[in-house]
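Residues per chain, in single letters:
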Amino acid sequence: MTPLTGRAYGHPRPPDVDVLVVGAGITGIYQLYRALEAGFSAELWEAGGGVGGTWYWNRYPGARFDSESYTYAYLFSKELFEEWSWCEHFAEQPEIERYLNHVVDRFDLDRHIHLGARVTAATYDEPSGTWTLTAGDGSTTSARFLVAATGVLSVPYFPDIPGRHDFGGESYHTGLWPTTPVDFTGKRVAVIGTGSSGVQIIPLIAEEAASLTVYQRTPNWCTPLNNGPITAAEQAHLQAEFEAIKEILDTSPAGFLHQPHDRASTDDPPAERRAFFEKMWRSPGFSKLISHYTDVLFDDRANAQWCEFIADKVRGIVRDPAVAEKLIPKDHRFGEKRPPFVTGYYETYNKPNVSLVDLQETPIVDMTAAGIETADGVREFDIVVWATGFDFGTGALLRMGIVGRGGLTLAEHWSEGPRTFLGIQTAGFPNLFFPGGPHAAAGNNPRYNGDQVDFVTDTLVHLRDRGYDSVEVEPTAEQRWTAMIDRGAAKSTFGEISYYFGTNIPGKPKKYLLNSGGRPKLFAMIDEVVANGYKAFRLARSADSSTSSA
Ligand code: NA7
């Protein structure tokens, strides 16, 4: 195999590397591995001070997987799978970070990774068919192919609350958590936000802080994660069943081991239905979406019955009935937003040092040097934790200063929402790929993102084998795929109030940012692209700019 670097392209100098990966999250690490394995020269630039991406930045107490550890982990190496013994079914952040560092070491990737390199500009040079990248510290590099593995939940969102910068105490966002531990002992702490991150951190802060005040705008349908240690017998089973596990994950629409149920709620009389709801309440993580009654996400009555079951659970756990009512959602169905999973969350509100402020009753007016003012008065704090979410899907890509063919910026091209093909490429930006970005997945993300990385790598090999050095999706293919995503939005069980539509960010176009088609369909579409000789893409040789579709 001839690496692309070093060949003459009519450019004053060849690109520094064949493949530049941005982001050392689970997708970027895998892309680096695959590119090197395929014989390309490759480097990875990462803004953070360590690898892990989401699992580096979200190092707040209580941060953990909501997918089973062994279904979220890499499956490209049987040896890696068998030699890593996860401690818990849903691993906590420190273990996840250790795992990702282990992968980097084991596959000798660290010498290709540059930490503290936040990309601020990425410009495509048409004559040479290369990308030039600039980092925040002014360093530059050039690459034939740019793979932005910058993730969907990587740009933390701070709401524009008046006086936010006036607060004189410590402030932390869950998605930008410091590497030095935060000491809550004896402190007066506020948490703003009760999404998946908020409900993970709240019980742990409550154990340490003198007082914890939770500022909740909208409650979520939280159900138990039902985590636990992986026993020796379970460990042995997992290691013996690698192939079978992989097969189930590869054929599951959402990339989980959970199996769909074969009954609708109407198939069971009330007592059996209640027993089944109880079983679901005790089941792990996302099985409550995947293995539930077949109609629970689609039928209003079935959904309302399940919601009422959860509401009764909340009323049974939280001793103050007024607080319990505030914790029960009134504005959305179960599954309309990404449901958080919890460990001891509702119980936290029985602690004497914990109080709940309902922002629908008493909205935040202002932040002052001392604390937070609502319609009810000022509360003073030593620490404010922002658990206020992310600019999902497009946030990181649109902040990277990406400029494509003819000076077209990605921000211009996506001004009305992302337009992609396979959630991998966008027209006007040759040799740019973004696996794990918008339109990538709706389920267990690493599974889909890994499929995309595999396709990106296979595409690069296809180009190399045929002497091409430029690939760009045809606008018609982009249009078709994006229209399919939009149609999927109408059928999605997620509602427009979900951040999956971008509606949590003021001014962001309301567009569906997931791909609800499922993995088997993604595989089929990728197979079709390959079988058709990559007709959906324009392949070119930059030296003579001749093009081909085969
Ligand atoms: P989420 O799920 O977007 O939650 C953000 C929370 O912040 C949510 O409770 C919001 O309330 C709240 N929020 C946002 N803006 C405000 C303002 N202005 N005032 C008060 N509260 C506000 O983010 P997470 O980090 O919890 O989870 C993100 C994903 O990470 C999660 O789905 C997993 O995939 C992992 P709202 O509901 O908008 O009223």
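See the structure above.
Anyway, here's the lowdown on the structure attached to this text.

The rules behind the values
Residues numbered from 1 in each chain as written. Predicted model: local features only at pLDDT ≥ 70, side-chain atom pairs only at ≥ 80, totals over all residues. Heavy atoms only, no water. Pairing = 2+ DSSP bridges. Helix = DSSP H or I, 4+ residues; strand = E, 2+ residues; numbered from the N terminus. Axes fitted to C-alpha atoms, helices over the stretch in contact; angles between N-to-C directions. 1 Å grid on protein atoms, 1.4 Å probe; cavity = no way out; pocket = protein on both sides within 12 Å on 5 of 7 lines; lining within 4 Å. Points joined across faces, edges and corners; volume = space filled by probe spheres on them. Nonpolar A, V, L, I, M, F, W, Y, C, P; charged D, E, K, R; others polar. Salt bridge = Lys/Arg side-chain N within 4 Å of Asp/Glu carboxyl O. Buried < 20%, exposed > 50% of the residue type's maximum accessible area, 1.4 Å probe, protein only. Near = heavy atom within 4 Å. Polar contact = N/O pair within 3.5 Å; in protein donor to acceptor, adjacent residues only side chain to side chain. Contact = heavy atoms within 4.5 Å. Core = buried A, V, L, I, M, F, W, Y, C linked by side-chain atoms within 4.5 Å. Arc of directions from axis to C-beta.

1. Some thoughts on the sheet that holds strand E15 (residues 377–380)
One open sheet holds the three strands; their spatial order is E13-E14-E15, and the pairing between them is antiparallel. Taken across any chain shown, the strands that pair with only one partner, and hence form the sheet edges, are strand E13 (364–367) and E15. Averaged over all pairs of adjacent strands, the angle between their axes in this sheet comes to 25 degrees, without regard to strand direction. Of the pairings in the sheet, the one linking E13 to strand E14 (residues 371–374) comprises three bridges and is antiparallel in character. Residue pairing in the sheet places Ile-364 in a bridge with Thr-374 of E14.

2. Description of empty space enclosed by the protein
In total, this model carries two cavities of 30 Å³ or more according to the counting rule given. A volume near 70 Å³ is recorded for the largest cavity. Together, Tyr-70, Ala-73, Tyr-74, Leu-80, Phe-81, Trp-84, Trp-86, Tyr-99, Gln-235, Leu-238 and Gln-239 line the largest cavity. Taken together, the elements giving at least two residues each to the lining of the largest cavity come down to helix H4 (78–83) and helix H7 (232–240). Sort the elements by how many residues they give to the lining of the largest cavity and H7 lands first, with three residues. In terms of residue class, the lining of the largest cavity is built from nine nonpolar, two polar and no charged. If you add up the space inside the second largest cavity, you get close to 30 Å³.

3. Side note on the pattern of salt bridges
Applying the stated criterion across every chain, the model contains 31 salt bridges. The residue Lys-187 makes a salt bridge to Glu-170 at a minimum N-O spacing of 3.9 Å. With Lys-187 in the loop between strand E7 (170–173) and strand E8 (188–192) and Glu-170 in strand E7, the pair connects residues that are 17 residues apart, well separated along the chain. For Lys-187, a relative accessible area of 22% puts it in the partly exposed group. Here Glu-170 falls in the partly exposed class, since its relative accessible area comes to 30%. The partner of Asp-391 in a salt bridge is Arg-399, and the shortest N-O contact between them spans 3.0 Å. Here the salt bridges do not stand alone but share partners, grouping Glu-308, Asp-312, Arg-315, Glu-325 and Lys-330 into one network.

4. Section: the site of the ligand
Lining the immediate environment of the ligand, one finds 19 residues, of which Thr-194, Ser-197, Arg-217, Thr-218 and Tyr-499 sit closest. Interatomic distance of 3.4 Å between a side-chain N/O atom of Arg-338 and an oxygen atom of the ligand. Ala-387 places a main-chain nitrogen or oxygen 3.2 Å from an oxygen atom of the ligand. Looking at the shell around the ligand, its residues break down into eight nonpolar, eight polar and three charged.

5. Considering the layout of surface pockets
Its volume calculated, the second largest pocket comes out at about 350 Å³. Lining the second largest pocket are 22 residues, with Tyr-30, Gly-450, Asp-451, Asp-454 and Arg-519 sitting closest to its centre. When contributions to the lining of the second largest pocket are tallied by element, the ones reaching two or more residues are helix H1 (26–37), helix H8 (242–251), helix H16 (445–466) and helix H18 (519–531). The element best represented in the lining of the second largest pocket is H16, accounting for nine residues.

6. Quick notes on the environment of Phe-277
By secondary structure assignment, the location of Phe-277 is in helix H9 (residues 270–281). Residue Phe-277 is classed as buried on the basis of its relative accessible area of 4%. Placed 124 residues apart in sequence, Phe-277 and Leu-153 show a C-alpha to C-alpha distance of 31 Å. Residues in contact with Phe-277, not counting those within four places in the same chain, are His-292, Tyr-293, Ala-302, Gln-305, Trp-306 and Phe-309.

7. Quick word on the nonpolar core
Within the largest apolar cluster, 79 residues are counted, with the highest numbers of intra-cluster contacts made by Trp-86 and Phe-537. Setting aside anything within four residues of it in sequence, one finds Trp-86 in contact with Phe-65, Ser-69, Tyr-70, Ala-73, Ala-91, Glu-95, Ile-96, Tyr-99, Ile-230 and Gln-235. The next biggest cluster of nonpolar side chains, apart from the first, holds 53 residues, and it includes Phe-309, Ile-328, Tyr-345 and Tyr-346.

8. Describing H8
Within H8, burial applies to Phe-242, Ile-245 and Leu-249. Buried residues of H8, seen end-on, are gathered within an arc of 70 degrees and therefore sit on one face of the element. Buried residues along H8 sit against helix H3 (69–72), H4, H7, H16 and H18.

9. A word on the pairing of strand E19 (residues 470–473)
Residues in a regular strand project their side chains so that they alternate between the two faces of the sheet. Burial along E19 is two-sided: the face carrying Ser-470 and Glu-472 and the face carrying Val-471 and Val-473 are both buried. Here four bridges tie E19 to strand E20 (residues 537–540), and the two strands are oriented antiparallel to one another. When the sheet's bridge partners are listed, Ser-470 is paired in E20 with Ala-540.

10. Topic: the side chain of Ser-265
Note on placement: Ser-265 falls in the loop between H8 and H9. Given a relative accessible area of 2%, Ser-265 falls into the buried group. At a separation of 2.7 Å, a polar atom in the side chain of Ser-265 contacts the side chain of Asp-295. Ignoring sequence-local partners within four residues, the contact set of Ser-265 consists of Arg-273, Tyr-293, Asp-295, Ala-302 and Gln-305.

11. Focus on the pairing of strand E5 (residues 130–135)
As paired elements, strand E4 (residues 119–125) and E5 share six bridges and run antiparallel to each other. Across the sheet, the residue bridging to Val-119 is Ala-135, located in E5. Hairpin connection of E4 to E5: four residues between the antiparallel strands, including Gly-129 at a positive phi of 65 degrees. Pairing analysis gives four bridges linking E5 to strand E6 (residues 140–148), with the strands arranged antiparallel. Bridged to Trp-131 within E6 is Ala-143. In this structure, the hairpin formed by E5 and E6 is closed by a connection of four residues, where Gly-138 is found at a positive phi of approximately 95 degrees.

12. Focus on the sheet that holds E8
If you trace the five strands from one edge of the open sheet to the other, you get E7-E16-E8-E9-E12, paired in parallel fashion. Unpaired on one side and paired on the other, E7 and strand E12 (354–358) mark the two borders of the sheet. On average, each strand axis in the sheet is inclined to that of its neighbour by 20 degrees, with strand direction left out of account. Bridge count between E8 and strand E9 (residues 211–216): five bridges; the pairing is parallel. Across the sheet, Val-189 pairs through a bridge with Leu-212, a residue of E9. The strands touched by helix H6 (residues 196–208) within the sheet are E8, E9, E12 and strand E16 (383–386), with E9 carrying the most contacts at an inclination of about 160 degrees.

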